[in-house]
Amino acid sequence: MEIIKGVEVSLGIGIGTAVLLEAQEHVFDMGLIDKSEIENEQNRYHQAVEIISKNIDNNLIAFDMSDEDKDIFEAHKLILTDPVIKDGVFLLISEKLYNLEFALHIYFEKTINYFKTLENEFYAERANDYKDIYERLINSLHNNNQLITDDLDDMSVVVMDDISPSLIGELAKKKVQALVLSKGNKTSHAIILARAANIPVVTGIAFVGKIANGDELIVDANKGEVFVNPDKQILQNYYDLKQKDKHDAESLKNIIGLPAETSDGKTIHLLANIGMPEEINAAMDVNADGVGLFRTEFLYMERDNLPTEEEQFEAYKLVAIKSKGKPVVIRTMDIGGDKMAKWYPHLNEKNPYLGCRGIRFSLKYPEIFKTQIRAIIRAAKYGNLLIMFPLISSIEEFRKAKDYVEECKKELKLAELIKIGTMIEIPSAALIADQLAKESDFFSIGTNDLLQYSVAVDRNNESIAEYYNPYNMAFLRLIKMTAEAANRHNIPIAVCGELAANESFVPLLIKLGVQELSVNVQSLLRIKRLIRKLNYQALTEYPQIIGDIADVAKIKENISLMNEKVFD
Ligand code: PEP
Ligand code: MG
């Protein structure tokens, strides 16, 4: 058995047989025609466009897609039926006497290359769209629309280098188990569609030589892991997990409209974490109380240049509008650590996690920071936006960052009342929480980093993962201190790290005084169901368990003993 680590971009678990698909090389005649054939070539074009349009319409009817996904297909249809393209292709046919395939090839290659030279993520996506349309046209002309997916069924795990949006529709029809890719990021159209079609996807997998046709695969797209020819026991565990997930997902739909309140009526604000603006749709679909963490750094990554103020404004405005007045906490960029960008100044750091990361980066490069702040302030009038600074380690940092917000407001002559919060994810911030609480409008505890920095364990280092243990008393005391400071100063206190989606810890967090939990969208209903079974009175009356015990195993035992007593 081999376990290959990748990046999870569409959650879920798939178990099945590997089918390696190669991007199709189109073999066809790219030649010249006789004048008498011009009309015939033009008719072939019209026919192909009609077939594909119908296919797209069928996809739109057949799949239960989000509005966002429908928009992508509609955009593809617009490209497909664009008269400018038709005219360009027809000109090559009538003037140069190229056959249709040759004309399409020349026209689309030029357009795609042009988009690529613009070096902007938006246009890079447009290049993908055009490539997709080109391939659909060629496939349709050669009747090989289905060819590539003929070997697939609901027991297949598709393994590919890269994938186009239209192929996702085909894979969804075949109900494939999962998709393993070497390329593709969270933001690409194909991946957005895969998420909508509930196909688990792991990307960044170097599969050549590691996965062969016919291999048994488990794709754990919750963790970004692919198991190649797994042991019997692991396979059984994953079958059980998958079965449980399926039942769960169905029954959870029933509580979408219900509030996140305990069985005895205590309301807990349950919000969603998002990374890309379009994820707001999924958050609203599960009726999240808002967005507790918008990780904006994803707008800055996987591109060669910085996003402009305008681009960011559009992204924040979209989230503000779509959240329909619910709060959206925009965390300013947390670049650095393991989140590097191509344009990032080369700092040559030996310890990036202890280096110029989060708010330190923003304060070091104020113009980049101010561009983001301006975009947020301008978007604020479209909804209920809040600003949060990551990786605050001292009160001076927080004040400096806040000053920039004031400066931007003055420059823009906008007096939007935007609440400004501190992310508590460094022990030094937790230890001065009582001071930070006086100047912050709210706190949100980033438990992922707070744990990493409390116990000095790299959160991504698998080889020392056993030390990254949330049952550590030092870490739990820091959460307790922070929650107490917030409650003493009457400011909201949230947890937005992964611990908020950990069922064993949710009762403890609430007992410690946390009023808001912000979790990944996929976990939201599961956590809501847990909260709805919780008895708040039993929880508050249960003796305090964060006290003098430092023994990790004992703390774990005490938490589970408590959990046995606080659910109805
Ligand atoms: C955290 O550290 O808990 C957090 C939510 O931020 P990130 O995971 O983006 O570092
Ligand atoms: Mg963090």
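Residues numbered from 1 in each chain as written. Chains lettered and ligands numbered in written order. Predicted model: local features only at pLDDT ≥ 70, side-chain atom pairs only at ≥ 80, totals over all residues. Heavy atoms only, no water.

Trainee: In this structure, what is going on with the overall build of the chain? I would like to understand it.
Mentor: Looking only at helices and strands, the chain features 21 helices and 16 strands. Scaling as 2.2 N^0.38, a compact globule of 568 residues should have a C-alpha radius of gyration of about 24 Å, and the chain matches this with 26 Å. Summarising its shape, the C-alpha atoms of the chain cover approximately 90 × 60 × 45 Å along the three principal directions. For the chain, buried positions account for 53% of its 568 residues. Within the chain, counting contacts between residues at least 6 apart in sequence, those at least 24 apart form 68% of the total. Taken as a whole, the chain presents about 25900 Å² of accessible surface, with 51% of it coming from carbon and sulfur. Of the charged side chains in the chain, 65 are positive and 86 negative; the average position of the first set lies 5 Å away from that of the second. (Helix = DSSP H or I, 4+ residues; strand = E, 2+ residues; numbered from the N terminus. Rg over C-alpha atoms; globule rule 2.2 N^0.38 Å. Buried < 20%, exposed > 50% of the residue type's maximum accessible area, 1.4 Å probe, protein only. Contact = heavy atoms within 4.5 Å. Areas by Shrake-Rupley, 256 points an atom, 1.4 Å probe, with all protein chains shown as cover. Lys, Arg positive; Asp, Glu negative; His and termini not counted. Charge placed at Lys NZ, Arg CZ, Asp CG, Glu CD.)

Trainee: Would you take a moment to explain the domain arrangement of the chain for this structure?
Mentor: Frequently, the measure chosen for interface size is the accessible area that the parts lose on association. Assigned domains within the chain: domain 1 (2-21 + 151-248), domain 2 (35-145) and domain 3 (258-565). For domain 2 and domain 3, the distance between their C-alpha centres works out to 43 Å. (Domains from an automatic or database assignment.)

Trainee: Explanation requested: the site of ligand 1 in the structure shown.
Mentor: Close to ligand 1 lie 15 residues; Arg295, Arg331, Gly446, Asn448 and Arg459 are nearest. Within the backbone of Gly446, one N or O atom sits 3.3 Å away from an oxygen atom of ligand 1. Contacts to ligand 1 include Arg459, whose side-chain N or O atom sits 2.7 Å from an oxygen atom. Considering ligand 1 on its own, with 290 Å² of exposed area, one finds that the protein chains cover 99% of that surface. Among the elements that line the shell around ligand 1, the one with the most residues is helix H16 (residues 447-455), at three residues. Grouping the constituent residues of the shell around ligand 1 by class yields three nonpolar, four polar and eight charged. (Near = heavy atom within 4 Å. Polar contact = N/O pair within 3.5 Å; in protein donor to acceptor, adjacent residues only side chain to side chain. Nonpolar A, V, L, I, M, F, W, Y, C, P; charged D, E, K, R; others polar.)

Trainee: What should I look at first to understand the sheet that holds strand E7 (residues 216-220) in this one?
Mentor: The strands that make up a sheet are held in pairs by hydrogen bonds between backbone atoms, and each pair lies either parallel or antiparallel. Taken in spatial order, the eight strands make up an open sheet running E1-E8-E7-E3-E4-E5-E6-E2, and their pairing is mixed. Of all strands in the sheet, those bounded by a partner on one side alone are strand E1 (2-5) and strand E2 (7-10). Averaged over all pairs of adjacent strands, the angle between strand axes in this sheet comes to 30 degrees, irrespective of strand direction. Note that E2 and strand E6 (residues 201-203) share three bridges and pair antiparallel. Residue Val7 lies in a different strand from E6, and its bridge partner there is Thr203. Contacting strand E3 (13-20), E7 and strand E8 (225-228), helix H8 (residues 232-252) runs over the sheet at an angle of about 120 degrees to E3. (Pairing = 2+ DSSP bridges. Axes fitted to C-alpha atoms, helices over the stretch in contact; angles between N-to-C directions.)

Trainee: In this structure, what is going on with the packing of helix H10 (residues 309-322) against helix H12 (residues 366-379)? I would like to understand it.
Mentor: When two helices pack together, their arrangement is given by the angle between the helix axes and by the axis-to-axis distance. Following both chains from N to C, one finds H10 and H12 inclined at 40 degrees, their axes separated by 8 Å at the closest point. In terms of orientation, H10 and H12 fall into the oblique class. Taken as a pair, H10 and H12 cross one another with a handedness that is right-handed. Residue-level contacts link Glu309, Glu310, Gln312, Phe313, Tyr316, Lys317 and Ala320 of H10 to Thr371, Gln372, Arg374, Ala375, Ile376, Arg378 and Ala379 of H12. The class makeup of the residues in the contact of H10 with H12 is six nonpolar, three polar and five charged. (Parallel < 35°, antiparallel > 145°, perpendicular 65-115°, else oblique. Left-handed = near helix turned anticlockwise from the far one by under 90°.)

Trainee: Explain the coordination of the magnesium ion (ligand 2) here, please?
Mentor: Tetrahedral coordination by four donors places them ideally at 109.5 degrees to one another around the metal; octahedral coordination by six donors ideally gives 90 or 180 degrees. At this site the magnesium ion (ligand 2) is bound by Glu425 (OE) and Asp449 (OD), with donor distances of 2.0 to 2.2 Å. You can see Glu425 sitting in the loop between strand E13 (420-424) and helix H14 (427-431) and its partner Asp449 sitting in helix H16, a full 24 residues away along the chain. Exposure class is identical for Glu425 and Asp449. Each is buried. (Donors = N, O, S within 2.8 Å, 3.2 Å for Na, K, Ca; no water.)

Trainee: Can you help me understand the pattern of salt bridges in this one?
Mentor: Pairing is possible between side chains of opposite charge, provided their charged atoms come close. All told, the structure shown has 25 salt bridges when counted by the stated rule. The residue Asp334 makes a salt bridge to Arg357 at a minimum N-O spacing of 2.8 Å. Remark: Arg357 occurs in the loop between strand E11 (327-331) and helix H11 (359-364) and Asp334 occurs in the loop between E11 and H11; sequence separation between them is 23 residues. For the pair formed by Asp334 and Arg357, the shared burial category is buried. The salt bridge involving Lys409 is made with Glu406; its shortest N-O contact spans 3.7 Å. Placement of both Lys409 and Glu406 in helix H13 (residues 395-412) is noted, with a separation of three residues, approximately one turn of the helix. The network of salt bridges with shared partners includes Glu309, Glu310, Lys370, Arg374, Arg378, Glu407 and Glu411. (Salt bridge = Lys/Arg side-chain N within 4 Å of Asp/Glu carboxyl O.)

Trainee: I'm lost on the nonpolar core in this one. Help?
Mentor: Membership of the largest hydrophobic core comes to 102 residues, with the highest contact counts inside it found for Phe389 and Leu517. Ranked by residues supplied to this core, first place goes to helix H17 (residues 473-488) with eight residues. Each residue touching Leu517, except ones within four places of it in the same chain, is listed here: Ile268, His269, Leu270, Leu271, Val495, Ala500, Val506, Leu509, Ile527 and Ile531. Within the second largest apolar cluster, 52 residues are counted, among which are Tyr98, Tyr130, Tyr134 and Leu167. (Core = buried A, V, L, I, M, F, W, Y, C linked by side-chain atoms within 4.5 Å.)

Trainee: Quick question: what am I supposed to make of the pairing of E7 here?
Mentor: With four of its five residues buried, E7 lies for the most part within the structure. Across five bridges, E3 lies against E7 in antiparallel orientation. Its bridge partner being in E7, Ile13 is matched across the sheet by Asp220. Following E7, the chain reverses through four residues before pairing antiparallel with E8; Gly224 in that reversal takes a positive phi of roughly 75 degrees.

Trainee: I tried to follow the packing of H12 against H13 on my own but got confused; where do I start?
Mentor: At a minimum axis distance of 9 Å, the contact between H12 and H13 shows a crossing angle of 60 degrees. Considering their axes alone, H12 and H13 lie oblique with respect to each other. Remark: the crossing between H12 and H13 carries right-handed chirality. Contact with H12, carried on its side by Pro366, Phe369, Lys370, Ile373, Arg374, Ile377 and Arg378, involves Ala401, Tyr404, Val405, Glu407, Cys408, Lys409, Glu411 and Leu412 of H13 and no other residues of that element. Split by residue class, the contact of H12 with H13 holds nine nonpolar, no polar and six charged.

Trainee: Would you mind going over the side chain of Lys528 with me for this structure?
Mentor: Structurally, the position occupied by Lys528 is in helix H19 (residues 521-533). No salt bridge is formed by the buried Lys528; the nearest opposite charge belongs to Asp289, separated by 6.5 Å. Engagement of the side chain of Lys528 in a polar contact is seen with the backbone oxygen of Ile256, the distance being 3.0 Å. Apart from residues no more than four positions distant in its own chain, Lys528 is found in contact with Ile255, Ile256, Leu258, Pro259, Ala260, Leu270, Val286 and Asn287.

Trainee: What's the story with H10 in this structure? I'm lost.
Mentor: Since the α-helix advances by 3.6 residues per turn, residues separated by three or four positions end up pointing in the same direction. Given a rise of 1.5 Å per residue, 14 residues ought to cover 20 Å, and the 20 Å separating the end C-alpha atoms of H10 matches this to within 8%. Every buried residue of H10 is accounted for by Glu309, Gln312, Phe313, Ala315, Tyr316, Val319 and Ala320. The buried residues of H10 all sit within an arc of 165 degrees when viewed along its axis, so they share a single face. At its buried positions, H10 is contacted by strand E9 (269-274), helix H9 (279-285), strand E10 (291-295), E11, H12 and strand E12 (384-389). (Expected span 1.5 Å × (residues − 1). Arc of directions from axis to C-beta.)

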